[in-house]
Amino acid sequence: MSKFFPESELIINPDGSIFHLHLKPEFLADKVILVGDPGRVKQVAGFFDGIECDVENREFHTITGNYKGKRITVQSTGIGCDNIDIVLNELDACANIDFSTRMEKDQLRCLSIVRIGTCGGLQPFTPTGTFIASVKSIGFDGLLNFYAGRNDVCDLEFEEAFRQHMDWNPQLGAPYVIDADKELIDRVAGDDMVRGVTIACGGFFGPQGRELRIPLADPMQNEKVERFEYKGYHITNFEMESSAVAGLSKLLGHKAMTCCMVIANRLAKQANASYKNSIDTLIEKVLDRI
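Residues numbered from 1 in each chain as written. Predicted model: local features only at pLDDT ≥ 70, side-chain atom pairs only at ≥ 80, totals over all residues. Heavy atoms only, no water.

Asker: Explain the overall build of the protein to me, please; I cannot follow it from the model alone.
Answerer: Along the backbone of the protein there are 8 helices and 14 strands. Principal-axis analysis of the C-alpha atoms gives the protein an extent of 55 × 40 × 40 Å. Going through the 290 residues of the protein one by one, you find that 51% of them count as buried. In the protein, the proportion of contacts linking residues at least 24 apart, taken out of those at least 6 apart, comes to 75%. Of the charged side chains in the protein, 31 are positive and 41 negative, and the gap between their average positions amounts to 3 Å. (Helix = DSSP H or I, 4+ residues; strand = E, 2+ residues; numbered from the N terminus. Buried < 20%, exposed > 50% of the residue type's maximum accessible area, 1.4 Å probe, protein only. Contact = heavy atoms within 4.5 Å. Lys, Arg positive; Asp, Glu negative; His and termini not counted. Charge placed at Lys NZ, Arg CZ, Asp CG, Glu CD.)

In structure tokens:
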């Protein structure tokens, strides 16, 4: 029996669009590119051959158009896994809930979702400018722990090895480890992206081991992260969204992955603040391969 979603759970605007994104279901493509920065939506859509939808609300900007015969939606999320919770659930609602009846559709759509972002490299082989495809993501955010089925989709052995290595503080949310979709990784990452393990942090400063005026609870966190090894896997980079993108997508039946350009190498203590033009190369690769 199909599930019914009351008004309090699925909020639909008077114009028939989903609450936060202001997106109408008919304007959602099966291929979706996520970006954090709302300004990057136009940068991605600048490669499109034509545009059919352009809507904005708060940090959420959506453009749907065509690129070399492919219909693609590019969607901004803002920063952080909390925003990914909004975006993934509302995109899935547009795809798989009938807004007129508030019932789950009989035939469910599977979206292919690629997040394009920036990150901090954590290994000598990830200098600034490196493209990293997140084969696995470790969520420091705790978001997936609120959903049923979390243990069914996560790599529990990897999680336990990581917790033991880090001497994980129980006051922190339990970290979770989630795989990106293998077919999507193979297609988009190709042979010119580093396939790595990404930590998605719940903040930019303390959670990523940056110390300004507030001392860190664990000053050795980053050193332990850099030394971690499990079955040949090493942690390659920090960012703030990949775990929620992969985790929610897997629970909802979508394919998802994250690929980022390294704009700072924490090991070398180097950063490139003028990266915005050079990310065009990564954008074009994803558009061609999604």
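Asker: Help me understand the pairing of strand β12 (residues 233-239) in this model?
Answerer: A regular strand carries its side chains on alternate faces of the sheet. Across the 7 residues that make up β12, a large majority, 5, are buried. In this structure, strand β7 (residues 112-121) lies alongside β12, joined through 2 bridges in antiparallel fashion. The partner of G121 across the bridge, within β12, is N237. The loop that links strand β11 (residues 229-230) with its antiparallel partner β12 comprises 2 residues; one of these, K231, has a positive phi angle of about 50 degrees. (Pairing = 2+ DSSP bridges.)

Asker: Would you mind showing me how to read the side chain of R210 here?
Answerer: Along the polypeptide, R210 turns up in the loop between β10 (194-200) and α6 (221-227). A distance of 2.8 Å separates the side chain of R210 from the backbone oxygen of F204, its partner in a polar contact. (Polar contact = N/O pair within 3.5 Å; in protein donor to acceptor, adjacent residues only side chain to side chain.)

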